[in-house]
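# Tertiary structure, described
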Amino acid sequence: MAVSVQLLCLATSSGVPLYCRSKGESRQLPFSVIGSLNGVHMFGSNQDVLLTSTCTGNTRVCWRVFQDSITLIAMTSEEDASDLYLSRLLDNVFSAMVLVVGLDDLVNLKNVERLKRELRACYKLIDSFLTASDWIGDLTQCVDCVVSPDSDILQEALDVFVAAAAAESNFGCLMVMGKVVVATEKWWRLAAQEVMLLAWLVGSLAPSSSRDYPIYLPHGSPTVPHRLLTFQLVPGVEVCLLCGPTPSLQQVQTELVERFWSPLLEPLKTCLRVHRRSFSASVPLHPSILGLLLINREQNKNLFTLQPHAVDHSQQQGAVLPPERRRSVLRLFYTLAVSSYFPADSTEFKPVSLHEEFHTGFTHSPAECYVVADDHKCYAIQTQQYQLFLTFTPNAPTFALRSIATKTFNLLTKEVPF
């Protein structure tokens, strides 16, 4: 069976399909199949049984109902799919719907056809969750970041720019290719998922010199819209503002953007040079490392890279493990670690526990774990503040993984201001 992901959105009360999005070589599902998938969930609900997921020989299916009005169903044949991944996918998709159209229209389904038209504005953002990318925030529920060597200069410029442009709100950030470089203090106070969604929204939109985009905050303001203003400083680098009715897009564009950002052309270009690695090349990594994910658990930020070395070395590693395989391996390892060994301390509402109990007989909480496979090896470290996940070449000595991972962890947490 071809690898694919199918996503269905239905009105809970009537079962009417609102949209269907897919990735890979998947065909549009016939209405009879959609009806069966919805029907088995409704049957279980009527019998006081909560059906959340099931799997066949080659497909995994997950159901979620939101606000008693929207039912989302995800199906996938991908090997790195899990209940954790699918549950977070469905949560992200519903929050993306709220972000773009608002909660009122999703809860009060008075005109289904009109809602179908409104939801088309969500398609690019939803599709970005279904396709492979240089981001991993959809899975970690943290925002993907880039640590630039000029972060201090850019932070100061952003704070002054936002204060001049939208002093009453003071929400702003600087992004490179959909990753956050710096942001104002109030921007970081938004819910972690909101910060992640805003970054993914900007990264999923077609390039534009400026935008005035109405959005809702799924947690902070799901029924009252705000304006997301974006301005392209250089191709791939954008500054974003979250504000109310004022200021106007034209006012900020003509009076403030060039004045504040034209003197910083070189630091902005530096962001582009480091965005794939997510941090400066001056921080050396062991040559056996193929991929890296560092999560700041306290600030809900992460650094993610599949190109941890110089271009020449990365090309050599590509022959060992292609980037697509590296991405799959790192996501699968993260899912395994947080599901089985590093259960979250978060108190956020979860309809069903997705964490497995640790092996019977062990009473401690694991701080490290590793995996050895034919074409790769992985190692993870968790502390109170950080989580580090590493992918290695298969010829890296297993006995040396802990030492390399520990040195990498100490280097990143001390040398990278993250």
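Residues numbered from 1 in each chain as written. Predicted model: local features only at pLDDT ≥ 70, side-chain atom pairs only at ≥ 80, totals over all residues. Heavy atoms only, no water.

By the definition in use, this model includes one cavity of 30 Å³ or more. A volume near 50 Å³ is recorded for the largest cavity. Contributing to the lining of the largest cavity are Asp105, Asn108, Leu109, Lys110, Asn111, Arg114, Leu115 and Glu118. A breakdown of the residues in the lining of the largest cavity according to their chemical character gives two nonpolar, two polar and four charged. (1 Å grid on protein atoms, 1.4 Å probe; cavity = no way out; pocket = protein on both sides within 12 Å on 5 of 7 lines; lining within 4 Å. Points joined across faces, edges and corners; volume = space filled by probe spheres on them. Nonpolar A, V, L, I, M, F, W, Y, C, P; charged D, E, K, R; others polar.)

With 99 residues, the main nonpolar core has Tyr19, Leu72, Met97, Trp187, Leu228 and Phe389 as its most contacted residues. Broken down by element, this core gets its largest block of residues, 13 residues, from helix α2 (residues 83-101). Residue contacts for Leu72: discarding those within four places in its chain leaves Leu8, Cys9, Tyr19, Cys62, Trp63, Arg64, Phe66, Leu90, Val93, Phe94 and Met97. Grouped together as the second largest cluster of nonpolar side chains are 29 residues, Val146, Phe161, Leu174 and Phe260 included. (Core = buried A, V, L, I, M, F, W, Y, C linked by side-chain atoms within 4.5 Å. Buried < 20%, exposed > 50% of the residue type's maximum accessible area, 1.4 Å probe, protein only. Helix = DSSP H or I, 4+ residues; strand = E, 2+ residues; numbered from the N terminus. Contact = heavy atoms within 4.5 Å.)

An order of β8-β7-β11-β10-β9 is seen for the five strands of this open sheet, with the pairing classed as antiparallel. Only two strands of the sheet have a single partner each, and these edge strands are β8 (179-183) and β9 (210-217). Recorded for the sheet is a direction-independent mean angle of 30° between the axes of neighbouring strands. On top of the sheet, helix α9 (residues 192-204) reaches β7 (171-176), β8, β9, β10 (221-234) and β11 (237-243); it is set at about 150° to β9, its chief contact. Seen against the sheet, helix α10 (residues 249-261) touches β7, β9, β10 and β11 and runs at an angle of roughly 45° to β10. (Pairing = 2+ DSSP bridges. Axes fitted to C-alpha atoms, helices over the stretch in contact; angles between N-to-C directions.)

Counted by the stated rule, this structure contains eleven aromatic pairs. Judged by centre distance (5.8 Å) and plane angle (65°), the ring pair of Phe161 and Trp261 falls under edge-to-face. Pair noted here: Phe161 is in helix α7 (residues 151-165) and Trp261 is in helix α10, with a separation of 100 residues, a long-range link. You'll find Phe161 and Trp261 in the same group, each marked buried. Relative to Tyr379, the ring of Tyr370 lies with its centre 6.1 Å away and its plane at 10°, an arrangement referred to as stacked. An aromatic cluster of three or more residues is present, and its members are Phe333, Tyr334, Phe342 and Phe389. For the cation-ring pair, Arg21 lies above Tyr123, with the distance from its terminal atom to the ring centre recorded as 4.1 Å. The residue whose ring lies beneath Lys301 is Trp188, and the NZ or CZ to ring-centre distance is 5.0 Å. (Phe/Tyr/Trp six-rings, centres within 6.5 Å; stacked < 30°, edge-to-face > 60°. Lys NZ or Arg CZ within 6 Å of the ring centre and 35° of its normal.)

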